[in-house]
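Now for the letters of each chain:
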Amino acid sequence: MNVGIITIFPEYFEGVVKTGMIRKAIENNLLDIVFENPRNYATDRYKSVDDYPYGGGSGMVMKYDTLKQAIENARAKVSGPVIYMSPQGTPFHQAYAKDLAKEEGFILVCGRYEGIDERLMSIVDEEISIGDYVLSGGEPAAAVVLDAVVRLIPGVLGDENSLSEESFEHNLLEYPQYTRPSHVDGMDVPDVLLSGHHGNIARWRLKERLKRTLVKRPDMLKDIHLSQEEKELLAEVKKEILETLSMLGV
Ligand code: ADE
């Protein structure tokens, strides 16, 4: 996959490309990242990439020509949608990451918080927001999107199975995990996980996923089609929660 990143702070990504999964994906030729800095296309002696807003107001606006040139140069090397990182964008979620992982590539445009010249929207295909808060620039948001998408590229993570049970797959959160020792600070690992009985372990894990989702993210259960087994397990979970509440007199 080819990814273009348009930024006036390419150094922000130095750690990102040198670390962990993204570094491995680059080393294994599964990922190529092209950086384009609008400042390289500035023609005035101050190398300016922003200017005062028409109509007045505080802050600066990223200029049309330098940002456009950077996007076009990235486009010559990277195919796929041009995506502007913006708090006004479509909320980013796992299904969006999966869609992007199917693309040949994409270009992430990082702006400054005051914004970019609106006419640049004529060359932007999509806008992504990583949450309802304002960052000083699109760089942290681009790093988030890059991470979420790259780990879905086939071959990037060693164990493809681990993807199918993680949070948000089938609209359920992930089950709890434990590792050695089996007893620590007075706390034990659930017996079923030590039993070696794969069927029981799978059922316990599915039930825990349902329980967690019900308690932590009940909104996610609204959009989900439950299998017969999941319906039964969810009914068990509800019964257990009600029993606990009545035991506590709540
Ligand atoms: N740029 C500034 N804030 C942002 C946000 N919340 N998401 C994506 N890009 C941004």
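Remember, predicted model here, so these are calculated numbers, not experimental data. (Residues numbered from 1 in each chain as written. Predicted model: local features only at pLDDT ≥ 70, side-chain atom pairs only at ≥ 80, totals over all residues. Heavy atoms only, no water.)

Draft legend 1. Expanded view of the nonpolar core. Among the nonpolar cores identified, the biggest contains 32 residues, and Phe-92, Leu-100 and Val-149 are the most heavily contacted of them. Only β1 (2-6), α2 (20-27), β5 (82-91), α4 (94-101), β6 (105-110) and α5 (139-150) provide two or more residues apiece to this core. Contact partners of Val-149, with chain neighbours within four places excluded, come to Met-1, Phe-92, Ala-97, Leu-100, Ala-101 and Phe-106. Among the nonpolar cores identified, the runner-up in size contains 18 residues, and Ile-6, Ile-71, Ile-116 and Leu-120 belong to it. (Core = buried A, V, L, I, M, F, W, Y, C linked by side-chain atoms within 4.5 Å. Buried < 20%, exposed > 50% of the residue type's maximum accessible area, 1.4 Å probe, protein only. Helix = DSSP H or I, 4+ residues; strand = E, 2+ residues; numbered from the N terminus. Contact = heavy atoms within 4.5 Å.)

Draft legend 2. Looking closely at the side chain of Thr-7. Mapping Thr-7 onto the fold places it in the loop between β1 and α1 (14-18). For Thr-7, a relative accessible area of 1% corresponds to the buried category. There is a polar contact of 2.8 Å between the side chain of Thr-7 and the backbone nitrogen of Phe-9. In this structure the side chain of Thr-7 is engaged in a polar contact, spanning 2.6 Å, whose partner is the side chain of Glu-139. Once you skip the residues sitting within four places of it in the chain, Thr-7 turns out to touch Phe-13, Phe-35, Glu-36, Asn-37, Pro-38, Cys-110 and Glu-139. (Polar contact = N/O pair within 3.5 Å; in protein donor to acceptor, adjacent residues only side chain to side chain.)

Draft legend 3. Examining the site of the ligand more closely. The immediate surroundings of the ligand are formed by Met-85, Ser-86, Pro-87, Ile-128, Ser-129, Ile-130, Gly-131, Tyr-133, Val-134, Leu-135, Gly-137 and Ala-141. Ser-86 is positioned with one of its backbone polar atoms (N or O) 3.1 Å from a nitrogen atom of the ligand. One of the backbone nitrogen or oxygen atoms of Gly-131 is found 3.1 Å away from a nitrogen atom of the ligand. Protein chains bury 97% of the 260 Å² of accessible surface belonging to the ligand in isolation. Elements with a minimum of two residues in the shell around the ligand: β5 and β7 (126-129). For the shell around the ligand, the element with the highest residue contribution is β5, accounting for three residues. Taken together, the residues of the shell around the ligand break down into eight nonpolar, four polar and no charged. (Near = heavy atom within 4 Å. Areas by Shrake-Rupley, 256 points an atom, 1.4 Å probe, with all protein chains shown as cover. Nonpolar A, V, L, I, M, F, W, Y, C, P; charged D, E, K, R; others polar.)

Draft legend 4. Up close: the packing of helix α8 (residues 198-216) against helix α9 (residues 228-247). At a minimum axis distance of 9 Å, the contact between α8 and α9 shows a crossing angle of 60°. Relative to α9, the element α8 is oriented oblique. Here α8 and α9 pass one another in a crossing that is right-handed. From α8, Arg-203, Leu-206, Lys-207, Leu-210, Lys-211, Leu-214 and Val-215 reach across to α9, where they touch Glu-229, Glu-230, Leu-233, Leu-234, Glu-236, Val-237, Lys-238, Glu-240 and Ile-241. By residue class, the composition of the contact of α8 with α9 is eight nonpolar, no polar and eight charged. (Axes fitted to C-alpha atoms, helices over the stretch in contact; angles between N-to-C directions. Parallel < 35°, antiparallel > 145°, perpendicular 65-115°, else oblique. Left-handed = near helix turned anticlockwise from the far one by under 90°.)

Draft legend 5. Structural view of the domain arrangement of the protein. Domain annotation of the protein identifies domain 1 (2-150) and domain 2 (169-247). Each of domain 1 and domain 2 has a C-alpha centre, and these two points are 39 Å apart. (Domains from an automatic or database assignment.)

Draft legend 6. View of the pattern of salt bridges. Tallying each qualifying case throughout the model produces 13 salt bridges. With a shortest N-O distance of 3.7 Å, Arg-203 and Glu-229 are connected by a salt bridge. Note that Arg-203 is positioned in helix α8 and Glu-229 in helix α9, a separation of 26 residues in sequence. With a relative accessible area of 35%, Glu-229 lands in the partly exposed category. Notably, a salt bridge pairs Glu-243 with Lys-239, separated by 3.8 Å at the nearest N-O pair. Here Glu-243 pairs with Lys-239, and both are found in helix α9, just four residues apart, close to one helical turn. Connected via shared salt-bridge partners are Arg-203, Lys-207, Glu-229, Glu-236 and Glu-240. (Salt bridge = Lys/Arg side-chain N within 4 Å of Asp/Glu carboxyl O.)

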